[in-house]
Structures are given as C-alpha cells and as structure tokens.
Amino acid sequence: MLKTFALPKLMYTLTVLPNPPNDIIKDIKSEIFNFIWDGKPDKIKRTQLIQSVEHGGIRLTDIDSFLNAIKCSWVKRYLDNTNTSKWKLFYQKILKKYGGSLLFECNISNTILHEIAKENIFLSDVLSAWSDVTHNLETKTSSKTILWNNKDITSNNKTFFYKDWFERSIKYVDQLYDYRIKDFYSFDNICYIYGIPSNNFLKYYTLIKSIPIHIKSEINTNNTPCTQTTFVENILGRKNKTNKILYRLQIKNPTENSKTQNKWQALFEEHELNWKHIFTMPYKATIESTLRNFQYKYIHRIIATNKYLF
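Please read these numbers as outputs of a predicted model, since none were measured by experiment.

Peer 1: How should I be thinking about a nonpolar patch on the surface in this particular structure?
Peer 2: On the surface, Tyr12, Val16 and Leu17 cluster together into a nonpolar patch covering about 310 Å² of accessible area. Checked against the element boundaries, Tyr12 lands in helix H1 (residues 2-16).

Rendered as structure tokens:
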C-alpha cells in the first residue's frame, strides 16, 4: 500500500526540490509507522522492518535512504556526457572552483557543503546525499585516498585544493609516495616528476604534514599503488536501476540474531536455526497477504495470546 500509493506522490517532489526541513521528514516517518501499527506503539524495530524478507524484514522503505538515493541519481545525470541539458552549466560553474567532477569522489567536508549551499542548496543536498551513500563503502586500500577537499586532510580546519596541482594530474595520496623508500617524495622529486614550481615548497610540506597517521600507515602496508575501479565509474556503467542500487547500499544487513531469534533457538534448543528459510517460507507457502502477515507476526512473537498477555 505504502509503496504503491504513498511514496510515488512524494518521489517527484523529493527528486526535483531541495530536501524538506527535518521536522517534515520526521512527520512523514511518523505517518508511515502510524499506518503500519494502526496508531499504536511499534512492536518490531524499524531497522528490522526495512530489511529484505530473507533477513526478517518486509522491505519497508527507509525514508532517509530513499531520499539520499533519489538525490544521488542526479550525480549520474550530471556525469553522463551524453546528457547535454542546460542545467548542467549552472552546476559546472559552481563545482569548477572545487575541481569539478572531482568533488563526487572526495570525502567532502561540511564546510564545503555550506559554501555550496549559499549558491545552490539543491546541489548541496545532492553532494551531501552522495557523501552519505559513498562514505562507508569498503575500499581495498587507502592509497587511493583523494588529497583534495578531503575532510580527513586539513590544516587549520580547512581542506586542501591546489588547482594548479590538480591540473597537473595530482589527485591521490599515493602519487606523492615513493614505494621504493616507503616515504613521501622530497620536494625536489615532486618538482621534477610533476613540474611543480619551486616556490611551492611550503604548500607541499603543509600538505604532507596534514596527512593523518592512519592514512600514512596504511600506505606503508602496500607494495604497489592501487588501481581499482572507482564507485563513480561503476555507477556510470549501469544503464538502469541506479536508484535501487544506491538505496540498497545504505541498508546494512544484520550482523547478529535479534532477541526474538535467540528466544526461538532457546525454545527449540537449537544452536542455529535456518533463519533465511524461516523468514522466506511464508512468501513461498501462500499468496494470501492475511496469512503472510499472521506468520510474520508469529515468527516475530508479537501475537498477543492470553498466555503472552498474562
């Protein structure tokens, strides 16, 4: 019901307009759960309900993740070279001072988001959503950490962006690192390799000193530079279902059993039940929504029998 009738009414508005205030988002969430529980208190955790069926959920839409996903869809539109829409010119003008499309690969700081919001709040929402979705994605190594606009690499609470260095193709931390001696290049070597002007001495050492220890130590564990495909390239390579991919990336599968699952296992004296089979069986056994709902409630132990109430 919610996915069929309610969310489509919100989707277009949330896609083309800046994010509504937090209190409105909170009201939308309240209305959704009031509908599910008929105005009564929640009986199952909301983080459980948004899971897939095989993980004990009902695929209930998580509004925050849904909002992030539809905002992130604009990143693909912007980076798609076959899309020649005029609106891209306005965004290009704003993003140019931060390295253009580079900003979609950076660990963006809130300071930059606030600066962009002064010029275009919708673009700031898109970047914020993109940062939320991609921030926790696992990567093979931090040697691919981007130097510019990175909130983990700061001096006096300000991130770095040397436009002339970026135009010389300096982008990643590992480009300043000499794997032969397991240390950063000397300034003379950097000048020779990238053609950096000799008066950039202080800029270079300020940048090097601002790279945190955890990034340096992880680079030392690698023998060769990393060459994995970026998340941006993976998204651009997909022809459709971008919203679904971006949404699912935000829904983390549970890492341990819930209290209800542990109670069932204790009751049956089983160390580990096949929960994937148990959760999916109601959907394989019948197409009757009433029976499915009853079995779902039974599995999650929320049917109020006399014994339970007593």
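We are not done yet, so read on.
Peer 1: What is the right way to look at the environment of Cys106 in this model?
Peer 2: Relative to the elements of secondary structure, Cys106 occurs in the loop between helix H5 (87-95) and helix H6 (110-119). For Cys106, a relative accessible area of 7% gives the class buried. Residues Cys106 and His214, 108 residues apart in the sequence, show an inter-C-alpha distance of 17 Å. Sequence-distant contacts of Cys106, that is, excluding residues within four places in its chain, are made with Ile146, Trp148 and Asn149.

Peer 1: Honestly, the pattern of salt bridges in this entry has me stumped. Any pointers?
Peer 2: Oppositely charged side chains can form a pair if their charged atoms are brought close together. Evaluation of the coordinates by the stated rule reveals seven salt bridges. As a salt-bridge pair, Lys97 and Glu119 come within 3.1 Å of each other at their nearest N and O atoms. Of the two residues, Lys97 sits in the loop between H5 and H6 while Glu119 sits in helix H6, which places them 22 residues apart along the sequence.

Peer 1: Honestly, the side chain of Gln51 in this entry has me stumped. Any pointers?
Peer 2: Relative to the helices and strands, Gln51 resides in the loop between helix H3 (46-49) and helix H4 (63-79). Discounting residues that sit within four places of it in the chain, Gln51 has contacts with Gly57, Ile58, Arg59, Ile251, Lys252, Asn253 and Pro254.

Peer 1: Just checking my understanding: could you explain the packing of aromatic side chains for this structure?
Peer 2: To describe a pair of aromatic rings, one takes the distance between the centres and the angle between the planes. Tallied over the entire structure, the rule returns 21 aromatic pairs. Aromatic side chains Trp74 and Phe122 sit 5.6 Å apart centroid to centroid with 90° between the ring planes, which places their arrangement in the edge-to-face category. Of this pair, Trp74 sits in helix H4 while Phe122 is found in helix H7 (residues 121-135), placing the two residues 48 residues apart along the sequence. Each member of the pair, Trp74 together with Phe122, is buried. Here Phe294 and Tyr298 contribute two aromatic rings whose centre-to-centre distance is 6.5 Å and whose plane-to-plane angle is 20°, an arrangement assigned as stacked. With a gap of four residues between them, Phe294 and Tyr298 both fall in helix H16 (residues 289-299), about one helical turn apart.

Peer 1: Would you take a moment to explain the nonpolar core for this structure?
Peer 2: Across soluble globular proteins, nonpolar side chains have a tendency to be buried as a group. Ile116, Leu127, Leu147, Trp148, Leu176, Tyr204 and Leu207 are the most contacted members of the largest nonpolar core, which totals 73 residues. Top element by residues in this core is H4. It accounts for 10 residues. If we ignore the near neighbours within four places in the chain, the residues touching Leu127 are Leu95, Leu103, Phe104, Ile108, Leu113 and Ile116.

Peer 1: Explain the side chain of Asp62 to me, please; I cannot follow it from the model alone.
Peer 2: Secondary-structure assignment places Asp62 in the loop between H3 and H4. Although buried, Asp62 forms no salt bridge, and the nearest oppositely charged side chain, Lys29, lies 5.9 Å from it. If we skip the residues at most four places from it in the chain, Asp62 touches Ile50, Tyr247 and Ile251.

Peer 1: Just to check I follow, could you spell out the state of the cysteines for this structure?
Peer 2: This model, assessed by the stated rule, comprises zero disulfides. The structure places no disulfide on Cys72, whose sulfur is separated from the nearest cysteine sulfur, that of Cys106, by 15 Å. Residue Cys72 is classed as buried on the basis of its relative accessible area, which comes to 1%.

Peer 1: Sorry, what's going on with the packing of helix H2 (residues 22-36) against H4 here?
Peer 2: Orientation of H2 relative to H4, taken along the N-to-C sense of each, is 125°, at an axis distance of 10 Å. With respect to their mutual orientation, H2 and H4 come out oblique. For the pair H2 and H4, contact is made by Ile25, Ile28, Lys29 and Ile32 and by Ile63, Asp64 and Leu67, respectively. Its residues assigned to classes, the contact of H2 with H4 shows five nonpolar, no polar and two charged.

Conventions adopted
Throughout, a residue's number is its position along its own chain's written sequence, starting from 1. For this predicted model, a pLDDT threshold of at least 70 governs which residues receive local features, and a threshold of 80 or more governs which side-chain atom pairs are given and counted, while totals over whole chains, interfaces and linings are taken from all residues. The side-chain numbers reported here are obtained from all heavy atoms of the structure, hydrogens and water having been left aside. Patch construction takes residues with relative accessible area above 30% that form no salt bridge. Like charges are linked within 9 Å, and nonpolar side chains (Val, Leu, Ile, Met, Phe, Trp, Tyr) are linked within 5 Å. Using a 1.4 Å probe, the Shrake-Rupley method yields the accessible areas, and only the shown protein chains count as cover for residues. A pairing counts as a salt bridge when a side-chain nitrogen of Lys or Arg comes within 4 Å of a carboxyl oxygen of Asp or Glu. Secondary structure elements are defined from DSSP: runs of H or I of at least 4 residues count as helices, runs of E of at least 2 residues count as strands, and each element is numbered from the N terminus. A simple rule labels every residue: compare its accessible area, found with a 1.4 Å probe on the protein chains alone, to the largest value its type can have, and call it buried under 20%, exposed over 50%, or partly exposed in between. We call two residues contacting when some pair of their heavy atoms lies within 4.5 Å. Classification of ring pairs uses Phe, Tyr and Trp, with its six-membered ring standing for Trp, and accepts pairs whose centres are within 6.5 Å; under 30 degrees between planes counts as stacked, over 60 as edge-to-face, and the remaining range as tilted. The definition of a nonpolar core used throughout is a set of buried Ala, Val, Leu, Ile, Met, Phe, Trp, Tyr and Cys residues joined through side-chain atoms within 4.5 Å. In this tally, Asp and Glu contribute negative charge and Lys and Arg positive charge; neither His nor the terminal groups of the chain are included. A pair of cysteine sulfur atoms is labelled a disulfide when the two atoms are within 2.5 Å. Orientation is described by axes fitted as lines to C-alpha atoms, over the contacting stretch for helices, and by angles from 0 to 180 degrees between their N-to-C directions. An angle below 35 degrees is treated as roughly parallel, one above 145 as roughly antiparallel, one from 65 to 115 as roughly perpendicular, and anything else as oblique. Charged means Asp, Glu, Lys or Arg here, nonpolar means Ala, Val, Leu, Ile, Met, Phe, Trp, Tyr, Cys or Pro, and polar covers whatever is left, Gly included.

So far we have only geometry, and geometry alone does not tell us how the molecule works.
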